[in-house]
Amino acid sequence: MGITACVMTILLAISGGLPEIMWLGNGGMAGSAAAAGMGETWYADGSPQGALENPVMASSLPRGFSAGVTGGAALDIEKRSRRVYDSFGGVVGESEYAFNQGFTPFPGGAAAGWSDGTFSAAAGWRAVGTFSYGYGRVMNDDNYVKVADETLDISGLLSDFSFSGSWSSGGLISLGAGGGFITGTRSSEYTIEYVDPTQADVILDTDQSLSGMVVRGSAMADMGRLVLTAGVEQPMGWKWETEGVDTDLTLPMKIRSGAVYAPGNRLMSVFAADFWWSPTSEVEIDDTDPGLGNSWGFGAGVENTLPGNTIVRAGFNYEASPISSALDRMGFTGGIGWRIGNTAVDAALAFSPVRWDQYEAEGLPTFQGTDSLVVESSRTAFSLGVTRWF
């Protein structure tokens, strides 16, 4: 196991389990704010940013040039508690172990697209993952006397610089291909500052960088009111670098599909859905099997246009964790948008609650053999986007 894998394990142990942060980050903005409000259906997103995620969706861009930009902020709240047992081993309640919250602005991305009705292309940058996390607690002894202050701060960003192109015959089938260069950094600082000046403080600093490529291919069937799309993306050459030492990261392909349906009603409703599956059990870190399972996820949403050209959106998404089913995530989204001439302004709000017992996540280290740690967390993310057609 390489240095990066060892550091990941150490930080997982001291933080009580942060699988997304210590893996490839919390999900960022892979598409437009409109898609974010519809269950984060990135693979069914017909915006310039969406065409980077699904190359064939460039065929859905209007003729001429178009451009879009997004950004947002997230409020993270986390409560950690432990079960309290009596002398007979029975549960008598819970004791709050730590409570943390943080507000973090994050960039979404920017992309530009062009289409002449037959050939279409898009290029741009997206922040596809974030590593923001803050943790702190007061360490007490058995008599509830303060012993030390414990903190963990993680920051960083995972970026995707991508290009996509598509071809449409004007009929049923369109084809698309593209790729991207992935780069990112993650900084972690773990400290224990003891009250007793005779005890040496603990300071663990880690700076890492990630690089790699992704190749994407997809196809689309346009049947008028119903559009179906499917494709594959394959990561290649991913590496974590820590203090000059490279750790190879072997990631499997991801199979994806999406659908968009417009029934043609008075509300000009649009239904969108996407699904993905990946054999993440094949992941290797420096030729070492980390013991992950396969993963999958889906999203679905709807938008309706109200009088005054105001668009309202709602959606739902679910993601199965490759580490443990106890870490599966669901999310609820909503959004609103306006069309002003050739400009679209969209806003979205997403809420994702998670509650899990550490002993249920067999792949994570624990503080002790019978750890009773319970983690309750939520992420509330707001995103704003502007798209313009020329």
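Residues numbered from 1 in each chain as written. Predicted model: local features only at pLDDT ≥ 70, side-chain atom pairs only at ≥ 80, totals over all residues. Heavy atoms only, no water.

**Quick word on the overall build of the chain**
Here is the rule we go by: Secondary structure elements follow DSSP: runs of H or I of four or more residues count as helices, runs of E of two or more count as strands, with numbering from the N terminus. Only protein chains enter the accessibility calculation, which uses a 1.4 Å probe; a residue is then buried when its area is under 20% of its type maximum, exposed when over 50%, and partly exposed in between. The Shrake-Rupley method, run with a 1.4 Å probe, gives the accessible areas here. Residue values count only the displayed protein chains as cover.
Scanning the chain for helices and strands turns up four helices and 18 strands. Here the chain holds 390 residues, and 47% of them are scored as buried. Surface exposure of the chain reaches about 17600 Å², of which carbon and sulfur atoms provide 61%.

**Structural notes on the packing of aromatic side chains**
Put simply, the test is: Here is the rule: rings of Phe, Tyr and Trp (six-membered ring for Trp) pair when centre to centre is within 6.5 Å. Planes less than 30 degrees apart are stacked, more than 60 are edge-to-face, and the remainder are tilted. The criterion for a charge sitting over a ring is simple: Lys NZ or Arg CZ within 6 Å of the ring centre, and within 35 degrees of the ring normal.
Using the criterion set out here, one finds seven aromatic pairs in the structure. Counting every residue linked through ring pairs, the aromatic cluster contains W296, F298, F316, Y318 and F332. Cation over ring: R186 sits above F131, and NZ or CZ is 5.2 Å from the ring centre.

**What to know about the nonpolar core**
What counts, and what does not: By nonpolar core we mean a set of buried residues, namely Ala, Val, Leu, Ile, Met, Phe, Trp, Tyr and Cys, connected to one another through side-chain atoms within 4.5 Å.
Counting residues in hydrophobic clusters, the biggest one holds 21 residues, and the most contacted among them are L152, L210, W238 and L249. At the level of secondary structure, the elements contributing two or more residues to this core comprise β5 (133-140), β6 (146-168), β7 (173-194), β8 (202-222) and β9 (226-242). When residues of this core are assigned to their parent elements, the largest contribution, four residues, is made by β6. Core analysis: the second largest hydrophobic core is formed by nine residues, A30, A36, A74 and A381 among them.

**Concerning unusual backbone geometry**
Of note in the backbone geometry, M268 takes a positive phi value of approximately 50° without being a glycine. With respect to the secondary-structure elements, M268 resides in the loop between β11 (254-261) and β12 (270-278).

**Some thoughts on the pattern of salt bridges**
Threshold: What counts as a salt bridge is simple: a side-chain nitrogen of Lys or Arg found within 4 Å of a carboxyl oxygen of Asp or Glu.
One pass over the full model with this rule turns up 14 salt bridges. Residues D160 and R126 are paired through a salt bridge, measuring 2.8 Å at the closest nitrogen-oxygen approach. Here D160 is found in strand β6, whereas its partner R126 is found in strand β4 (residues 119-130), with 34 residues between them in sequence. Both residues of the pair, D160 and R126, count as buried. Put simply, D248 and K239 hold a salt bridge, and the shortest N to O gap is 2.3 Å.

**Regarding the side chain of S383**
What counts here: Two residues form a contact once any of their heavy atoms are found within 4.5 Å.
Examined against the element boundaries, S383 turns out to sit in strand β18 (residues 373-389). The class of S383 is buried, set by a relative accessible area of 4%. Setting aside residues no more than four positions away along its own chain, S383 makes contact with M29, A33, A36, G71, G72, D346, A347 and A348.

**A closer look at the layout of surface pockets**
Note the threshold: Points on a 1 Å grid, built from protein atoms alone, make a cavity when a 1.4 Å probe fits but cannot get out and make a pocket when they are open with protein on both sides within 12 Å along at least 5 of 7 lines; residues with an atom within 4 Å of a point are the lining residues. Grid points are joined across faces, edges and corners, and a volume is the space filled by probe spheres set on the points. Polar here means any residue other than Ala, Val, Leu, Ile, Met, Phe, Trp, Tyr, Cys and Pro, which are nonpolar, and Asp, Glu, Lys and Arg, which are charged; Gly is therefore polar.
In this structure, the second largest pocket spans a volume of roughly 820 Å³. Mapped onto the lining of the second largest pocket, the elements with two or more residues apiece are α3 (33-37), β8, β12, β15 (310-320), β17 (343-357) and β18. Its residues assigned to classes, the lining of the second largest pocket comprises 17 nonpolar, twelve polar and seven charged.

**Details of the environment of G341**
Its location among the elements puts G341 in the loop between β16 (329-340) and β17. Distance in space between the C-alpha atoms of G341 and W389 is 9.2 Å, their sequence separation being 48 residues.

**A word on the environment of N100**
You can see N100 is positioned in strand β3 (residues 91-115). Here N100 falls in the buried class, since its relative accessible area comes to 11%. Along the primary structure N100 and G134 are separated by 34 residues, whereas in three dimensions their C-alpha atoms are 7.1 Å apart. Residues in contact with N100, not counting those within four places in the same chain, are D76, I77, E78, G134, Y135 and G136.

**Quick notes on the environment of E150**
Operational definition: Whenever two N or O atoms come within 3.5 Å, that pair is a polar contact, provided that in protein one can donate a hydrogen and the other can accept it, and provided that, for residues adjacent in sequence, both atoms are side-chain atoms.
Mapped onto the secondary structure, E150 falls in strand β6. Along the sequence, E150 and T191 sit 41 residues apart, while their C-alpha atoms lie 5.8 Å from each other. Within polar-contact distance, the side chain of E150 engages the side chain of R137 at 2.7 Å. Engagement of the side chain of E150 in a polar contact is seen with the side chain of Y190, the distance being 2.5 Å.

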